[in-house]
Amino acid sequence: NAGVIQTPRHKVTGKGQEATLWCEPISGHSAVFWYRQTIVQGLEFLTYFRNQAPIDDSGMPKERFSAQMPNQSHSTLKIQSTQPQDSAVYLCASSYWGGSYEQYFGPGTRLTVL
Amino acid sequence: QQQVRQSPQSLTVWEGETAILNCSYENSAFDYFPWYQQFPGEGPALLIAIRSVSDKKEDGRFTIFFNKREKKLSLHITDSQPGDSATYFCAASADSGGSNYKLTFGKGTLLTVTP
């Protein structure tokens, strides 16, 4: 089992550009979570899908951020018009649904906005 | 409002000693508490977890002690090894009818084990 796969591992964008981050959950896992990690704020929940349906996006910034899960094998987090304050490590985690609480994280994508 | 708090921010122990990492929470609805270990440049790795129905969970050198009444828990790492040097995160989630398992994290404890 390859674990959660995130691509790219590093992304550098200029202010105002768009960034798309990819996540491939562990095979058989039907829940996908996105978190953001910064030195100042720590690890913050962004959004969550179960069986590809959006369940909770309460942590997503209201503007410029969007997430999708078009099929069970991948999810994307898109940030439009990136700003320097968006610089962070974006982490994807997946979980088996059905009474199991364990979330397994990928290595993260480090986004740097210049 | 910080719902999950960890202390100390950093901890240094000698190899072979027991490291004790503390965590407290505010939300009484939290019922699942995982600890994650994170090395620089990597994602958090699930180390050990406890449900609120238990007061102790042990896995090898790692033990969680849980006090529901005081809303506190601690992670004990016995016989600490230099390879245990990492940042440890306490997290919590609430099972709201099975529909929401998002994790709320503490700010972490940076553990350094000196040979």
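Placed above this text is the structure.
About the thresholds
- Residues numbered from 1 in each chain as written.
- Chains lettered and ligands numbered in written order.
- Predicted model: local features only at pLDDT ≥ 70, side-chain atom pairs only at ≥ 80, totals over all residues.
- Heavy atoms only, no water.
- Helix = DSSP H or I, 4+ residues; strand = E, 2+ residues; numbered from the N terminus.
- Rg over C-alpha atoms; globule rule 2.2 N^0.38 Å.
- Buried < 20%, exposed > 50% of the residue type's maximum accessible area, 1.4 Å probe, protein only.
- Contact = heavy atoms within 4.5 Å.
- Core = buried A, V, L, I, M, F, W, Y, C linked by side-chain atoms within 4.5 Å.
- Pairing = 2+ DSSP bridges.
- Axes fitted to C-alpha atoms, helices over the stretch in contact; angles between N-to-C directions.
- Buried area = accessible area lost by both parts, 1.4 Å probe.
- Salt bridge = Lys/Arg side-chain N within 4 Å of Asp/Glu carboxyl O.

1. Focus on the overall build of chain A
And step 1. Of the regular secondary structure elements, chain A holds zero helices and 11 strands.
And step 2. Moving toward the C terminus, one meets the helices and strands of chain A in the order β-β-β-β-β-β-β-β-β-β-β.
And step 3. Over its C-alpha trace chain A gives a radius of gyration of 13 Å, about what one expects of a compact globule, namely 13 Å for 114 residues.
And step 4. Principal axes of the C-alpha set define a box for chain A whose edges measure 40 × 25 × 25 Å.
And step 5. Counting only residues that meet the buried cut, chain A has 47% of its 114 residues in that class.
And step 6. Counted over contacts in chain A with a minimum sequence separation of 6, partners at least 24 positions apart contribute 54%.

2. Side note on the nonpolar core
All names here are of chain B.
And step 1. Formed by 26 residues in total, the largest nonpolar core has its most connected members in Trp 35, Leu 73, Leu 75 and Tyr 88.
And step 2. When contributions to this core are tallied by element, the ones reaching two or more residues are β2 (10-14), β3 (19-25), β4 (32-38), β5 (45-51), β7 (62-67), β8 (72-77), β9 (86-92) and β11 (109-114).
And step 3. Setting aside residues up to four positions removed in sequence, Tyr 88 forms contacts with Gln 6, Leu 21, Trp 35, Tyr 36, Gln 37, Leu 47, Leu 75, Ile 77, Gly 108, Thr 109 and Leu 111.

3. Considering the sheet that holds strand β1 (residues 4-7) of chain B
Residue and element names in this part refer to chain B.
And step 1. Spatial strand order, β1-β3-β8-β7-β6: five strands in an open sheet with antiparallel pairing. The strands lining the two open edges of the sheet, one partner per strand, are β1 and β6 (56-59). Direction aside, the axes of adjacent strands within the sheet are offset by 15° on average.
And step 2. When β6 meets β7, the two strands line up antiparallel, connected through four bridges. Counted as the bridge partner of Asp 59 is Phe 62 from β7.

4. Here's the deal with the interface of chain A and chain B
And step 1. Counting residues at the interface gives 24 residues for chain A, matched by 21 residues for chain B.
And step 2. Of the roughly 1800 Å² buried at the junction of chain A and chain B (both faces included), carbon and sulfur atoms supply 57%.
And step 3. Ranking the residues of chain A by area buried against chain B places Leu 43, Tyr 101 and Phe 105 of chain A at the top, with a combined share of 37%.
And step 4. Linking chain A to chain B there are one salt bridge.
And step 5. The salt bridge involving Lys 102 of chain B is made with Asp 56 of chain A; its shortest N-O contact spans 3.5 Å.
And step 6. Elements that contribute at least two residues to the side of chain A that touches chain B include exactly β4 (31-38), β5 (42-50), β6 (53-56) and β10 (104-105) of chain A.
And step 7. Here the side of chain A that touches chain B takes five residues from β5 of chain A, the largest share from any one element.

5. Re the pattern of salt bridges
Residue and element names in this part refer to chain B.
And step 1. The tally for this structure, following the rule as stated, stands at eight salt bridges over all chains.
And step 2. For Arg 5, the salt bridge goes to Glu 26, with nearest N and O atoms at 3.7 Å. Pair noted here: Arg 5 is in strand β1 and Glu 26 is in the loop between β3 and β4, with a separation of 21 residues, a long-range link.
And step 3. Between Asp 84 and Arg 61 there is a salt bridge, with its nearest N and O atoms 2.8 Å apart. One end of the pair, Asp 84, is in the loop between β8 and β9; the other, Arg 61, is in the loop between β6 and β7, and 23 residues separate them in sequence.
And step 4. For Arg 61, a relative accessible area of 24% corresponds to the partly exposed category.

6. Let's talk about the sheet that holds strand β7 (residues 65-71) of chain A
All names here are of chain A.
And step 1. The sheet built from four strands is open, its strands ordered β1-β3-β8-β7 with antiparallel pairing. Unpaired on one side and paired on the other, β1 (5-7) and β7 mark the two borders of the sheet. In this sheet, adjacent strand axes meet at a mean angle of 20° when their direction is disregarded.

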